[in-house]
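Analysis of the macromolecular model
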Amino acid sequence: MSLKSLNKSLDAIFTERIASLQAEHRFRTPIEATIEGAYITVEGKRYLNFSSNDYLGLGQSDALKDAATRATAEFGTGAGASKLVTGNHPLYKELESSIAKLKGKESAVVFGSGYLANMGTIPCLVGKEDLVLADKLCHACILDGIQLSGAKLIRFKHNDLSDLKSKLQANEGKFGNILIITETVFSMDGDLAPISKISELSKECGAWLMVDDAHGFGVVKDASADADIVMGTFSKGAGSYGGYVCADKTVIDYIKSAARPHMFSTGLPPAVVAASGAAINKIEKAVYPVKSVKYSNIFIQNINNGQKAQSAIVPIIIGDEKAALEAQDKLKAKGFWVQAIRPPAVANNTSRLRITFTAYHTEDDVLSLANAIKELELV
Ligand SMILES: *Cc1c(COP(=O)(O)O)cnc(C)c1O
């Protein structure tokens with residue numbers, strides 16, 4: 001077989017794969033986006049942006065930019081090696097102790113990203129003999145981490161304590177350790193998990209509780225400290241980059257020397273670690289509810305859906321992929337950037353507009369989006 005024919009069949013195979021994604025309205029290409037405050041510019045057109053997770057408006061703040069610039073001047077641009085080799089520059093220690101303190105835990109470890117934190121941590125906590133009970137709506141990277149661990153996975157109904165309890169009881173004695181995983185704020189639905197109650201249940205049953213605080217960090221005053229293990233990311237509310245895990249010192253010490261993404265991936269650039277540290281300084285002083293959560297409530301009142309917003313995220317469920325993309329395009333035509341979210345990010349037939357509010361918005365921005373959504377009869 002010649003190399004040429006191999007190349008041809010590779011091309012043919014991927015052309016087919018792309019065509020089938022396109023037929024399902026699931027083909028995606030990253031758009032080139034320039035962000036400036038509440039606005040996004042795409043292909044020369046400017047829109048009001050309702051698809052950013054920079055909830056607190058820190059990513060474009062002078063405080064974070066200055067911290068990053070100073071760190072680059074002092075330490076250079078790259079960490080140069082894994083944290084376990086020579087990449088653990090002095091900014092890490094400060095960041096790890098301040099995130100642990102903020103989360104009410106003894107110790108913390110910072111990973112390259114939130115995704116890597118889950119991929120690295122879950123296999124340190126559980127293995128083939130163990131069971132993970134995860135909320136039905138848990139994020140893809142939690143599921144990937146569980147799969148990598150080899151533990152048995154059972155999903156419990158979203159935020160359903162009695163389903164979780166019956167699944168715990170049904171599996172009593174069948175596994176080594178049991179780990180419960182949920183999120184503080186659900187990424188695609190914006191609702192909160194009953195962390196304190198799940199924590200009580202986990203203690204009663206001798207299970208461990210891990211929570212993913214990606215969308216709660218700095219946005220809601222949550223009960224994540226009730227969990228045994230708290231992970232999160234600096235890439236959303238904190239406006240920077242990098243993942244973290246907080247827990248007892250013994251757990252963190254073990255993760256530091258056993259988590260493969262911590263061992264085999266280069267440390268974060270000093271600028272990024274410094275920006276995350278500056279974000280913590282801001283988040284420590286936050287007054288709740290923060291602006292973005294207030295905006296969610298103003299928005300919900302204006303579209304009359306009668307619910308109370310719990311976070312900076314408000315979903316408008318459309319149904320199929322095509323209809324969700326059409327809704328996105330109609331809003332674009334009116335000058336609003338609201339991303340349609342489709343499977344596999346959400347369950348089949350729950351494609352939606354995922355609206356997020358940030359500190360960059362004004363109340364008028366929020367009201368104008370609510371009006372557009374009513375005019376288009378999307379609710
Ligand atoms: C975004 C996200 C992550 C991953 O964080 P990154 O730092 O962006 O890799 C993890 N969990 C949840 C729930 C998320 O939404």
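Here the structure is shown first, and the text comes after it.
In this report, the structure presented in the accompanying data block is examined. All values reported here derive from a predicted model rather than from experimental measurement. (Residues numbered from 1 in each chain as written. Predicted model: local features only at pLDDT ≥ 70, side-chain atom pairs only at ≥ 80, totals over all residues. Heavy atoms only, no water.)

1. Observations regarding helix α8 (residues 195-204)
- Three or more residues of α8 are buried, namely I195, I198, S199, L201 and S202. What you see down the axis of α8 is that its buried residues fit within an arc of 165°, all on one side. Facing away from the buried surface of α8 by more than 90 degrees, the exposed residues are K197, E200, K203 and E204.
- Where the residues of α8 are buried, they touch α7 (161-170), β7 (178-183) and β8 (208-212).
- Positive phi shows up at G206, right after α8, with a value of about 70°. (Buried < 20%, exposed > 50% of the residue type's maximum accessible area, 1.4 Å probe, protein only. Helix = DSSP H or I, 4+ residues; strand = E, 2+ residues; numbered from the N terminus. Arc of directions from axis to C-beta. Contact = heavy atoms within 4.5 Å.)

2. Quick notes on the site of the ligand
- Taken together, 13 residues sit near the ligand, with G114, D212, H215, T233 and K236 positioned nearest.
- Separating a nitrogen atom of the ligand from a side-chain N or O atom of D212 is a distance of 2.6 Å.
- Isolated, the ligand exposes 380 Å² of accessible area, and the fraction of that covered by the protein chains is 88%.
- Residue classes in the shell around the ligand are distributed as three nonpolar, seven polar and three charged. (Near = heavy atom within 4 Å. Polar contact = N/O pair within 3.5 Å; in protein donor to acceptor, adjacent residues only side chain to side chain. Areas by Shrake-Rupley, 256 points an atom, 1.4 Å probe, with all protein chains shown as cover. Nonpolar A, V, L, I, M, F, W, Y, C, P; charged D, E, K, R; others polar.)

3. Some thoughts on the environment of S224
- For S224, the location among the structural elements is in the loop between β8 and β9 (229-233).
- The class for S224 is buried, based on a relative accessible area of 3%.
- Measuring from C-alpha to C-alpha, the distance between S224 and L331 comes to 36 Å, with 107 residues separating the pair along the chain.
- When sequence neighbours within four positions are dropped, the list of residues in contact with S224 reads K103, T184, I195, V211, D213 and V230.

4. Section: the packing of aromatic side chains
- Applying the stated criterion to the full structure yields seven aromatic pairs.
- Each ring, one from Y47 and one from W337, has its centre 5.2 Å from the other, and the planes form 65°; the classification is edge-to-face. One end of the pair, Y47, is in strand β3 (residues 45-49); the other, W337, is in strand β12 (residues 336-337), with 290 residues separating them in the sequence.
- Since its relative accessible area comes to 5%, W337 is described here as buried.
- One aromatic cluster is present, formed by F50, F299, F336 and F357 through successive ring pairs.
- Over the ring of F14 we find R17, and its NZ or CZ is 4.5 Å from the ring centre.
- One cation-aromatic arrangement involves K83 over Y92; the distance from NZ or CZ to the ring centre is 4.5 Å. (Phe/Tyr/Trp six-rings, centres within 6.5 Å; stacked < 30°, edge-to-face > 60°. Lys NZ or Arg CZ within 6 Å of the ring centre and 35° of its normal.)

5. A closer look at the state of the cysteines
- Per the stated rule, a full pass over the model turns up zero disulfides.
- Between C124, a free cysteine, and C141, which holds the nearest cysteine sulfur, the sulfur-to-sulfur gap is 15 Å.
- C124 gets classed as buried once you look at its relative accessible area, which sits at 16%.
- Unpaired in this structure, C138 has its nearest cysteine sulfur neighbour in C141, at a distance of 9.5 Å.
- A relative accessible area of 6% places C138 in the buried class. (Disulfide = S-S within 2.5 Å.)

6. Observations concerning the packing of α7 against α8
- Packing of α7 against α8 brings their axes to within 11 Å, and their N-to-C directions diverge by 15°. Considering the angle they form, α7 stands roughly parallel to α8. Along this stretch, α7 crosses α8, giving a crossing that reads as right-handed. Residues L161, L164, K165 and L168 of α7 touch α8, and the partners they reach there are K197, I198, L201 and E204. (Axes fitted to C-alpha atoms, helices over the stretch in contact; angles between N-to-C directions. Parallel < 35°, antiparallel > 145°, perpendicular 65-115°, else oblique. Left-handed = near helix turned anticlockwise from the far one by under 90°.)

7. Some details on the sheet that holds β12
- Spatial ordering of the open sheet is given by β1-β2-β3-β12, a layout of four strands whose pairing is mixed. The open sheet has two edge strands with one neighbour each: β1 (33-36) and β12. (Pairing = 2+ DSSP bridges.)

8. Notes on the pattern of salt bridges
- Scanning all chains against the criterion turns up eight salt bridges.
- Note that E96 is salt-bridged to K83, the shortest N-O span being 2.7 Å. In this pair, E96 sits in helix α4 (residues 90-102) while K83 sits in helix α3 (residues 83-87), placing the two residues 13 residues apart along the sequence. Take E96 and K83: they sit in the same class, and that class is buried.
- Between K103 and D213 there is a salt bridge, and its shortest N-O distance comes to 2.5 Å. Placement of the pair is K103 in the loop between α4 and β4 (107-111) and D213 in the loop between β8 and β9, with a sequence separation of 110 residues. (Salt bridge = Lys/Arg side-chain N within 4 Å of Asp/Glu carboxyl O.)

9. A look at the environment of T266
- Structurally, T266 can be placed in the loop between α10 (260-264) and α11 (270-284).
- If near-sequence neighbours (up to four positions away) are discounted, T266 is found in contact with A79, G80, A81 and S82.

10. Side note on helix α5 (residues 114-125)
- Over its 12 residues, α5 runs 16 Å from end to end, which matches the ideal 16 Å to within 8%, given 1.5 Å per residue.
- Counting buried positions over the 12 residues of α5 gives nine, a clear majority of the element.
- Those residues of α5 not exposed but buried are G114, A117, N118, M119, G120, T121, I122, C124 and L125.
- Of the residues that open α5, the one with a side-chain oxygen 3.3 Å from the backbone nitrogen of Y115 is S113. (Expected span 1.5 Å × (residues − 1).)

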